[in-house]
Amino acid sequence: QQEMIEHMNIKEERIWYLHVYFPRWTGFLFTKARQMFAWSILFSLLLLLSFFYVFRQWKTEQRLHEFKVDFINNLTHEFKTPLASIQLATRTLQLIPQQEQSQKIIDLIRNESKKMENRVENILQIGIIESGNFHLDLEAISINSLIQHTVNRFELQIEQRSIGVELDLEENISILHLDKLHMENVLYNLIDNAFKYTTDDPKIRIESRQDGDQILVCIQDNGIGIAPNEQHAIFRKFYRSKNTNASGSGLGLNYVQQIVEAHRGRIKVESALKQGSNFIIELPINPI
């Protein structure tokens, strides 16, 4: 029995202990934690970017919806006003036998019809431009003759509102190669805006002059003007100034800019609130 006890003590003395030593255990844990933290940050950033993308798309859709509603409302008003004038003039024409008064009413019908035709033309042409099927039908034209012809289209409106129109057209300036239809629409839109946004004692000045290798056409009014923070936006599609209640589709100036740029020119505006506006068209004499 004594031998058995001694044998067991010997076995107990032979027990081994295993110790594992990590010389860089803090660095190991820090590396693992840093990787997990980096992945968490990356995932959070992706989640945040996704949220901003969805939010931006939602805002864009909302803005487009508002543009569409405003456009339809403005377009309805644009068509409704000249149509009402035409209908009224037609009914009056049926009741008045006098030749002189009849002629005035016929002029009114013609003027309102042209106005509505111009609005429709703007919409159609912008659609053609965006479809990629747009091209210019260029011909040699005197810009002064085109200006004079366009102003004549406003003869009745000038007479009714006693609008002062001053033409300062430089003689013997170079002939330009232009699309007559589109460039006349450009001038019509700018002159129409000058009339529309000028209420008290309206005065319009239209100037043409040659400056080196380009022709400048300036259409200046003494109207309500454009705030500096809006001047960069007025050529955007559907844009409507918050400083006016005048009707419009918000497409006119966008159409003007696209047609001028299609002729390798550019258009800019100089304006201040309550100090009128001056739209300047620069057209190259020999476009490339």
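Look up: the structure comes first, before these words.
My aim in this report is to walk through the structure given alongside it, one point at a time. The structure displayed is predicted, hence computed values, not measured ones.

## Side note on the sheet that holds strand β6 (residues 266-271)
- In space, the 5 strands of this open sheet follow the order β2-β4-β5-β7-β6, with mixed pairing throughout. Sheet topology places β2 (164-169) and β6 at the edges, where each strand pairs with a single neighbour. Between one strand and the next, the sheet's axes are offset by a mean angle of 15°, whatever the strand orientation.
- Pairing of β6 with strand β7 (residues 277-284), which is carried by 6 bridges, proceeds in the antiparallel orientation. Bridge pairing in β7 places I267 opposite I281.
- Packing of helix α7 (residues 252-262) onto the sheet brings it into contact with β6 and β7, and relative to β6 it is tilted by some 135°.

## Description of the pattern of salt bridges
- In this structure the tally under the stated criterion is 8 salt bridges.
- Measuring nitrogen to oxygen at the nearest pair gives 3.1 Å for the salt bridge that ties R153 to E184. In this pair, R153 sits in the loop between α4 (143-152) and α5 (155-161) while E184 sits in helix α6 (residues 180-196), placing the two residues 31 residues apart along the sequence.
- R153 gets classed as partly exposed once you look at its relative accessible area, which sits at 23%.

## Concerning the nonpolar core
- Of all hydrophobic cores here, the largest spans 40 residues; its most connected members are I143, L190, F279 and I281.
- Looking at this core, the elements that each hand over two or more residues are α4, β3 (176-179), α6, β4 (203-211), β5 (214-221), α7, β6 and β7.
- Setting aside residues up to four positions removed in sequence, F279 forms contacts with L190, V217, C218, I219, I226, I234, F235, L253, I267, K268 and V269.

## Brief notes about α7
- Inspection of α7 places G252, L253, N254, Y255, V256, I259 and V260 among the buried residues, and these make up the whole buried set.
- The positive-phi residue at the C-terminal boundary of α7 is R264, with phi of around 65°.

## Points about the packing of aromatic side chains
- Evaluated as defined, the whole model comprises 6 aromatic pairs.
- An angle of 35° between the planes, with centres 6.0 Å apart, marks the rings of F55 and W58 as tilted. Note that F55 and W58 are positioned in helix α2 (residues 25-95) at a spacing of 3 residues, about one turn of the helix.
- A residue is classified by how much of its surface remains accessible, and W58, at 48% relative accessible area, is partly exposed.
- Judged by centre distance (4.6 Å) and plane angle (25°), the ring pair of F154 and Y188 falls under stacked. Taken as a pair, F154 in the loop between α4 and α5 and Y188 in helix α6 lie far apart in primary sequence, 34 residues in all.
- Residue classification places F154 among the buried residues on the basis of a relative accessible area of 1%.

## Regarding the pairing of β4
- Pairing of β2 with β4 involves 6 bridges; the strand directions are parallel. Within β4, the position partnered with G164 by the bridge is K203.
- Pairing of β4 with β5 involves 8 bridges; the strand directions are antiparallel. What sits directly across from I206, in β5, is I219.
- Between β4 and β5, which pair antiparallel one after the other, the connecting turn spans 2 residues, and G212 there sits at a positive phi close to 65°.

What counts and what doesn't
Residues numbered from 1 in each chain as written. Predicted model: local features only at pLDDT ≥ 70, side-chain atom pairs only at ≥ 80, totals over all residues. Heavy atoms only, no water. Pairing = 2+ DSSP bridges. Helix = DSSP H or I, 4+ residues; strand = E, 2+ residues; numbered from the N terminus. Axes fitted to C-alpha atoms, helices over the stretch in contact; angles between N-to-C directions. Contact = heavy atoms within 4.5 Å. Salt bridge = Lys/Arg side-chain N within 4 Å of Asp/Glu carboxyl O. Buried < 20%, exposed > 50% of the residue type's maximum accessible area, 1.4 Å probe, protein only. Core = buried A, V, L, I, M, F, W, Y, C linked by side-chain atoms within 4.5 Å. Phe/Tyr/Trp six-rings, centres within 6.5 Å; stacked < 30°, edge-to-face > 60°.

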